[in-house]
Every structure is written in C-alpha cells, then in structure tokens.
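Descriptive analysis of the structure
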Amino acid sequence: MLRHLLVHPSTTALEYRRGEFARALEPGRHPVPLRATHVAVDLREQLLAVAPQEILTADGLSVRVTSAVRLAVGDARAFHEVAFDPHALVYLATQVALREALGGLTVEELTRRGASLPVTELTAAADAAARPVGLVVREVVVKDVILPPEVRAAAVELATAKARGMARLEAARAENASLRSLANAAKVLEAHPALARLRMVQEARPGTTLVVRLDDERAPVVTPAEAG
C-alpha cells in the first residue's frame, strides 16, 4: 500500500527502505511506501557565524577576527550520511584558513589592506572542506579585524597628526593668498593716488567729517577728520 508525502519548497526528502537509501524526492506530492522513512533536508542558504578568534600576526601582535560563512546544502544525501555535524567541520576549516591567511600578514598590512583581505582563498579553503560533507560555501566574509588597544591608539594619533598638519597647511596657503592680494592692491593704490583717496572715503566711518584741501599743483586731497 502507498501513502502520499508532501515535500515543501527548498527541501529535499531522502527516502530509505529497510535502512537503505532509495531515492531523493524533489518538492511536490509523492506516493511513497508505508514502511519507508524520510529525512527532510533544507536546501536554503544559511549563515554560519564564526566566533571571534585570536590570530597572531607575522610581526607577533595578536588581533581578534570575526567572520561569517554563507553556505547551502549541495548534496542532500552526503549532508545527511557522511558527517554527524557538517557545519562543525566547515566551522573548523574556516578558523584554520583564517589563521593561515591572516597570520602571514603584519598589523600594518592588515590595517592598510582593509577590505582587500584574501577572502577568495578563505572561501576556497572552506569550500574544499564543505564539499565532501554535502555543503557548498558561497562566501567567507571577514567582518572585523580588531587591533590591540595600543595599535589603535597609535593609529588615531597618526590620523590626528595628519589632520592637524593638513589644517595648518591650508591655513598657510590661505594666508599667503591673502598677502599676495594685499600686495597687489598696494601696488595699484601706489600707482593711482586718486584710487587711494577714494578708498579712504569708502572706508570712512559714519559720522566722520571729510576735509577737502585744494592744491594748485595737485588734485584735491581728501582727508578724514574726526567730528568735533
């Protein structure tokens, strides 16, 4: 006699008869023997978080690295039959790959490279361990590289010093530009006395009395005098 088994989307059902594998059932409704047993395997992508771990860099400093693995079941039967805990094997392989990849770099290289860490090599190493147990690793993501406190303090001090230097440089450039502008204006006023007198009138404060002195040989001279 037969009964019907409903296999949900993104799931594969492994059918066993008398303790032996018989077939893999895709999503849908299937007639199955009464005495057959079935194991449902979820095929959806999963995220495996790797706990922060201490890694010794090439220059002998210890950094903390946090990462995550994007993976999914590629072979449902191998995932169910080969290993008791396939995710634990991928977890361990990822930790080892992180130590090997980042342990060969100095702290300066880790800081400078940032997002350019060898994620391709990390993904390949984790995937090599995942395939035999039915998993496929999509990507290994290095979330954070936490530097020692003294290194972080030095980096902040260096960045602050650079910012202050840039600010002083910009202030010096602005001052030089202002001095050049004043020098050019002084040359123009020296060459054109009338402009200098006009400028004096423009800059006079409200309430200032202007005295015009006439000279036979020169143009009128305007000088400000305080109102009495």
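Above this text is the structure in question.
Attention here is on the structure that accompanies the text. (Residues numbered from 1 in each chain as written. Predicted model: local features only at pLDDT ≥ 70, side-chain atom pairs only at ≥ 80, totals over all residues. Heavy atoms only, no water.)

**Overview of the overall build of the protein chain**
To be explicit about the condition: Numbering of helices and strands runs from the N terminus, with a helix taken as a DSSP run of H or I at least four residues long and a strand as a DSSP run of E at least two residues long. Two residues qualify as a contact provided that any one of their heavy atoms is within 4.5 Å of a heavy atom in the partner residue. Accessibility throughout is a Shrake-Rupley quantity obtained with a 1.4 Å probe, and a residue counts as covered only by protein chains that appear here.
What the protein chain contains, in helices and strands, is six helices and 10 strands. In the protein chain, the proportion of contacts linking residues at least 24 apart, taken out of those at least 6 apart, comes to 56%. Roughly 15,100 Å² of accessible area belongs to the protein chain as shown, and the carbon and sulfur atoms make up 57% of that amount.

**Things to note about the pattern of salt bridges**
Under the convention used in this document: Only one rule defines a salt bridge in this text: a Lys or Arg side-chain nitrogen within 4 Å of an Asp or Glu carboxyl oxygen. Relative accessibility under 20% of the residue-type maximum defines a buried residue, over 50% an exposed one, and the middle range a partly exposed one, all with a 1.4 Å probe and only protein chains included.
For the coordinates displayed, the defined rule picks out 10 salt bridges. In this structure, R70 and E45 form a salt bridge, with 3.1 Å as the shortest nitrogen-oxygen distance. Taken together, the residues R70 in strand β7 (residues 62–73) and E45 in the loop between β5 (37–42) and β6 (46–56) connect sequence positions 25 residues apart. By relative accessible area, which is 43% here, E45 ends up partly exposed.

**Describing the environment of R35**
Along the chain, R35 falls in the loop between β4 (28–33) and β5. Relative accessible area serves as the criterion here: at 81%, R35 is assigned to the exposed category. In this structure, the C-alpha to C-alpha distance between R35 and Y16, residues 19 residues apart in sequence, is 9.1 Å.

**As for the side chain of T123**
Turning to its location among the elements, T123 is positioned in helix α4 (residues 119–130). According to the relative accessible area criterion, T123 is buried, its value standing at 14%. With sequence-adjacent residues up to four places away left out, T123 is seen in contact with V137, R138, E139 and V140.

**What about the packing of aromatic side chains?**
Quick reminder of the rule: For this analysis, a ring pair means two rings from Phe, Tyr or Trp (six-membered ring only for Trp) whose centres lie within 6.5 Å, classed as stacked if their planes differ by under 30 degrees, edge-to-face if by over 60, and tilted for the remaining angles.
Evaluation of the coordinates by the stated rule reveals one aromatic pair. Considering the side-chain rings of Y16 and F21, the 5.7 Å spacing of their centres and the 70 degrees angle between planes classify their relative orientation as edge-to-face.

**Describing the sheet that holds strand β3 (residues 20–25)**
Which entries qualify depends on this criterion: At least two DSSP bridges between two strands are needed for those strands to be called paired. Only the stretch in contact is used when fitting a helix axis, every axis being a line fitted to C-alpha atoms; angles between N-to-C directions are given from 0 to 180 degrees.
The sheet built from three strands is open, its strands ordered β3-β2-β5 with antiparallel pairing. Bordering the open sheet on either side are β3 and β5, each of which pairs with just one other strand. Within the sheet, the average angular offset between the axes of one strand and its neighbour, ignoring direction, is 25 degrees. Taken together, the five bridges between strand β2 (residues 11–17) and β3 define a ladder with antiparallel strand orientation. Along β3, the bridge assignment pairs Y16 with F21.

**Topic: the pairing of β2**
Burial analysis of β2 places six of its seven residues in the buried class, the great majority of the element. Note: β2 against β5, six bridges, orientation antiparallel. Bridge assignment links T11 to a residue of β5, and that residue is D42. Hairpin remark: β2 followed by β3, antiparallel, with two residues in the connecting loop; positive phi at R18, about 55 degrees.

**Some remarks on the environment of R44**
Test applied: Polar contact is the term for a pair of N or O atoms within 3.5 Å; when the atoms are in protein, one must be able to donate a hydrogen and the other to accept it, and sequence-neighboring residues count only if both atoms are side-chain atoms.
Tracing the backbone shows R44 in the loop between β5 and β6. Along the sequence, R44 and G74 sit 30 residues apart, while their C-alpha atoms lie 9.9 Å from each other. Excluding residues that lie within four positions of it along the chain, R44 makes contacts with S10, L71 and A72. At 2.7 Å, the side chain of R44 forms a polar contact with the side chain of D42.

**Brief notes about α4**
The line we're drawing: A helix's residues, less one, multiplied by 1.5 Å, set its expected span. As used here, the arc belongs to the directions running from the helix axis to the C-beta atoms.
Its 12 residues give α4 an end-to-end C-alpha distance of 16 Å, which sits within 8% of 16 Å, the value for a rise of 1.5 Å per residue. By the burial criterion, the buried members of α4 are L122, T123, A126, D127 and A130. Seen along its axis, α4 keeps its buried residues to an arc of 125 degrees; they face one direction. Within α4, the exposed residues directed more than 90 degrees away from the buried face are T120 and A128. Taken together, the buried residues of α4 touch α2 (86–102) and β8 (135–146).

Everything listed here is a matter of coordinates, which is why it stays silent on function.
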